[in-house]
Amino acid sequence: MAVTIEDLYRNYGVLADAKDNLSQHKDAYQVILAGVKGGPKEKRLAAQFIPKFFNSFPELADAAINAQLDLCEDEDVSIRRQAIKELPRFATGENIFRVADILTQLLQTDDTAEFNQVNVALISIFKMDAKGTLGGLFSQILQGEDIVRERAIKFLSTKLKTLPDDIMTKEVEEYVFAETKKVLEDVTGEEFVLLMRVASGLRVLQTVNGRQQLVELVVEQADLDQALNPADPDAVDRLLQCTRQALPLFSKNVHSTRFVTYFCEHVLPNLSTLTSPVAELDIQLEVLKLMAEMSPYCGDMEKLEANLTILFTKLLEYMPLPPEEVENGENSASEEPKLQFSYVECLLFSFHQLGKKLPDFLLDKVDGERLKDFKIRLQYFARGLQVYIRQLRVALQGKTGDALKTEENKIKVVALKITNNINILIKDLFHNPPSFKSTVTLSWKPVQKTEAVAAKRLSSEEMGSGAATKKQITPLPRRDARQIYNPPSGKYSSSIGNFNYEQRGGFRGGRGRGFGARGNRSRGRIY
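If you're wondering where the values come from, they're calculated on a predicted model, not measured in any experiment.

Rules of the game
Residues numbered from 1 in each chain as written. Predicted model: local features only at pLDDT ≥ 70, side-chain atom pairs only at ≥ 80, totals over all residues. Heavy atoms only, no water. Helix = DSSP H or I, 4+ residues; strand = E, 2+ residues; numbered from the N terminus. Buried < 20%, exposed > 50% of the residue type's maximum accessible area, 1.4 Å probe, protein only. Contact = heavy atoms within 4.5 Å. Phe/Tyr/Trp six-rings, centres within 6.5 Å; stacked < 30°, edge-to-face > 60°. Lys NZ or Arg CZ within 6 Å of the ring centre and 35° of its normal. 1 Å grid on protein atoms, 1.4 Å probe; cavity = no way out; pocket = protein on both sides within 12 Å on 5 of 7 lines; lining within 4 Å. Points joined across faces, edges and corners; volume = space filled by probe spheres on them. Expected span 1.5 Å × (residues − 1). Polar contact = N/O pair within 3.5 Å; in protein donor to acceptor, adjacent residues only side chain to side chain. pLDDT = per-residue confidence, 0-100. Salt bridge = Lys/Arg side-chain N within 4 Å of Asp/Glu carboxyl O.

Of regular secondary structure, the protein possesses 23 helices and zero strands. A buried classification covers 50% of the 527 residues belonging to the protein. A separation of at least 24 residues holds for 76% of the contacts in the protein among residues at least 6 apart in sequence.

Now the structure itself:
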């Protein structure tokens, strides 16, 4: 006979009145458990009554949890929500892991209210036993369905940072890191980014040693021991993402040497043949930006001279020789070389940073003819640069506020930053001996506070009111600028404002251990 509403209320009354003698009324609790087989009203009552007396009947614990799980899978979403809401009341003792595991699986729901209820329930049991809850979450991340794994990782990446210190203790954070390292042995690109967000947010890793551990994790994922296949978009994608994850970790104490060395030896020589993982991405510029951002944090490098030579050679490719002149001093009719400012800013900055470690490189390691050739290229580039800087200053002069926020003017402002940076770095290299003392902020990076103060003098320093030209240094005596370089538009990248490339859909190909397609998992109800 089916259990009725009256049966449920009557047996609830028996248990409520029993007080210290609850264990003697096992039959009454079994009637309540049978309520999950009734109609919608009986199920809603059972969802509330079962957890209320759960702790009083340990011998019926499995039956009670399974009965509640039946309600969590009911066709009626309101019954499911009620059952999920009550699940944390089962999270006692050894059951915490099982309840966390169940709730993690329930994250796969497509009902927004139900999904939010699962999140609330998970946070609730976190406050009871964080480590036990994490055990259930990581169990599903390692063994569950892809949709469950994906949502569990997202839960960790968004919720852990909101939990207070008394829940996220040192022991708990160390457990998170240990389990995260296990998961990172087999991840997709998107999962890697989210898990690095989890790990880098742990307070226990906010030390030099902690950041170094994180860098080692990224190094392992990046496959820096293997040569790069420039034709493989997945390999290029992996390297870009890993480098972007490592960048915020680098400092004067946590060095970028492994990455900078890899870029010099494996990426720069293949720069022109790199296959972009995203069609609209300027892969060469993105790589050069990464190289530039890492270079200030490079430590002692084993093959410094060889790697500087590679970087120097690549820089020469983007520093054209001046066009040949005919007898009357005019340029020949051949097309003016294009000055690729965005690329040159990155390469010059990287060369400037690494050059500090071997300041005699240009004088002692580069033969005389090649050095002479380099200076001719620098001179030509610098003179074209001066023309372009003047044009940009004129275009921006007097513009403030909203006028500078138009798309066209924002590009011009960044172009002015790029050209000013190149100008400063070229002046350093023209010193005899070459100097590596100037400091610039890369055009796509936020201005530092000390530089922001100097920026108040923008009208004279950058916008060119006329006063700025008083002490302006040009590498060669001035000639008719029209003969040297008449800068056309568009010689800098229109995407130079911010580096906003990130993974777009993860890595596509299986690569065995690490990024790629994870193994297929069979799946039934595994509560």
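Let us now look at the packing of aromatic side chains. Enumeration according to the criterion identifies 15 aromatic pairs in this entry. Ring geometry for tyrosine 12 versus phenylalanine 53: centroids 5.5 Å apart, planes at 65°, classification edge-to-face. Taken together, the positions of tyrosine 12 in helix α1 (residues 5–18) and phenylalanine 53 in the loop between α3 (40–52) and α4 (61–72) put the pair 41 residues apart, joining distant regions of the chain. One cation-aromatic arrangement involves lysine 289 over tryptophan 444; the distance from NZ or CZ to the ring centre is 5.1 Å.

What follows is about the layout of surface pockets. Its volume calculated, the second largest pocket comes out at about 410 Å³. The element that contributes the greatest number of residues to the lining of the second largest pocket is helix α17 (residues 341–355), accounting for three residues.

So, on to unusual backbone geometry. With an omega of 0°, the peptide bond running from asparagine 432 to proline 433 counts as cis. Its identity is not glycine, yet aspartate 223 carries a phi of approximately 55°, on the positive side. Relative to the elements of secondary structure, aspartate 223 occurs in the loop between α12 (208–222) and α13 (233–246).

Moving on, we get to α13. Given a rise of 1.5 Å per residue, 14 residues ought to cover 20 Å, and the 20 Å separating the end C-alpha atoms of α13 matches this to within 8%. Within α13, the full set of buried residues consists of Asp234, Ala235, Val236, Asp237, Arg238, Leu239, Leu240, Gln241, Cys242, Thr243, Gln245 and Ala246. The inward-facing, buried residues of α13 contact α11 (189–200), α12, α14 (257–267) and α15 (283–294). Its side-chain oxygen at 2.9 Å from the backbone nitrogen of aspartate 234, aspartate 232 defines the N-terminal cap of α13.

The next point concerns the environment of glutamate 94. Within the secondary structure layout, glutamate 94 lies in the loop between α5 (77–86) and α6 (95–106). A relative accessible area of 80% places glutamate 94 in the exposed class. Here the alpha-carbon distance between glutamate 94 and glycine 132, two residues 38 residues apart in the chain, equals 8.7 Å.

Once that is clear, we can look at the confidence of the model for the protein. Summing up the model confidence of the protein, the mean pLDDT is 84 and the portion of residues at 70 or higher is 83%. Across the protein, the secondary-structure element scoring lowest on mean pLDDT is helix α23 (residues 481–484), at 31, and the one scoring highest is α14, at 97. Throughout residues 450–514 the model reports pLDDT below 50, and contacts reaching past four residues in sequence, or to other chains, amount to 136 contacts. With pLDDT under 50 throughout, residues 517–527 is counted as low confidence; its partners more than four residues away or in other chains account for 32 contacts.

Here we take up the pattern of salt bridges. With the rule as written, the count across this model stands at 25 salt bridges. Lysine 154 is the salt-bridge partner of glutamate 150, the closest N and O atoms lying 3.3 Å from each other. Linking glutamate 150 with lysine 154, this pair stays in helix α9 (residues 146–159), spanning four residues, or about one helical turn. Relative accessible area serves as the criterion here: at 32%, lysine 154 is assigned to the partly exposed category. For aspartate 225, the salt bridge is made with arginine 258, and the minimal N-O distance between the two is 3.6 Å.

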